[in-house]
Amino acid sequence: MAQRPTGIEGVLLDEHTVLSITELTQVCGVDIEQVRLMVGEGMLQPSDGARPEQWCFTGIEVRRARRALRLQHDLDLNLPGAALALDLLDEIEELRRRVRALEQHLGG
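Computed from a prediction, not measured in an experiment: that's the story for all the values here.

Looking now at the overall build of the protein chain. Looking only at helices and strands, the protein chain features four helices and two strands. Order of helices (α) and strands (β) in the protein chain, N terminus to C terminus: β-α-α-β-α-α. Considering only contacts in the protein chain between residues 6 or more positions apart, those separated by 24 or more positions represent 50%. Within the structure as shown, the protein chain displays about 8,000 Å² of accessible surface, and the carbon and sulfur contribution to it stands at 53%.

The following block contains the structure:
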């Protein structure tokens, strides 16, 4: 009988995690051209470097890229549509955070 793995190995993706464009393509299962298009649409904000080979992405950008890819796949959105959907989802999350903060402040 085959032995089952005893644990799950992973990396926490946050604002302190930094990945190269190559690592981003591997994690998201896309090619460099797709990442360049996502950057061009404003969906991703790379840090460092003027050329794509020099770009670095935080874990937050990785999560954003994966979310955009899911939107494209699940809802059959084109790139601009996915960019708009991401912006709207970000705005909803921010509004929810503000409502929670107000509720806590008001004791509600």
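The discussion continues.
Taken as a whole, this structure holds seven salt bridges when the rule is applied. For R64, the salt bridge goes to D87, with nearest N and O atoms at 3.5 Å. Linking R64 in helix 3 (residues 59-75) with D87 in helix 4 (residues 79-106), this pair joins segments that are 23 residues apart in sequence. We classify R64 as buried; its relative accessible area is 14%. Between E94 and R97 there is a salt bridge, with the nearest N and O atoms lying 3.1 Å from each other. Of this pair, E94 and R97 both sit in helix 4, three residues apart, which is roughly one turn of that helix. For E94, a relative accessible area of 34% puts it in the partly exposed group. On the basis of relative accessibility, which here comes to 43%, the residue R97 falls in the partly exposed class. What emerges from the salt-bridge pattern is a single network uniting R64, D87 and D90.

The next point concerns unusual backbone geometry. If a residue is not glycine, its phi is most likely negative; likewise, a peptide bond is most likely trans. We note that D76 has phi near 55°; this positive angle belongs to a residue other than glycine. Structurally, D76 is set in the loop between helix 3 and helix 4.

Tracing the backbone shows Q72 in helix 3. On the accessibility criterion, Q72 (17% relative accessible area) is buried.

Cut-off values and rules
- Residues numbered from 1 in each chain as written.
- Predicted model: local features only at pLDDT ≥ 70, side-chain atom pairs only at ≥ 80, totals over all residues.
- Heavy atoms only, no water.
- Helix = DSSP H or I, 4+ residues; strand = E, 2+ residues; numbered from the N terminus.
- Contact = heavy atoms within 4.5 Å.
- Areas by Shrake-Rupley, 256 points an atom, 1.4 Å probe, with all protein chains shown as cover.
- Salt bridge = Lys/Arg side-chain N within 4 Å of Asp/Glu carboxyl O.
- Buried < 20%, exposed > 50% of the residue type's maximum accessible area, 1.4 Å probe, protein only.

Note that every value here comes from positions in space, so none of it alone points to a role or purpose.
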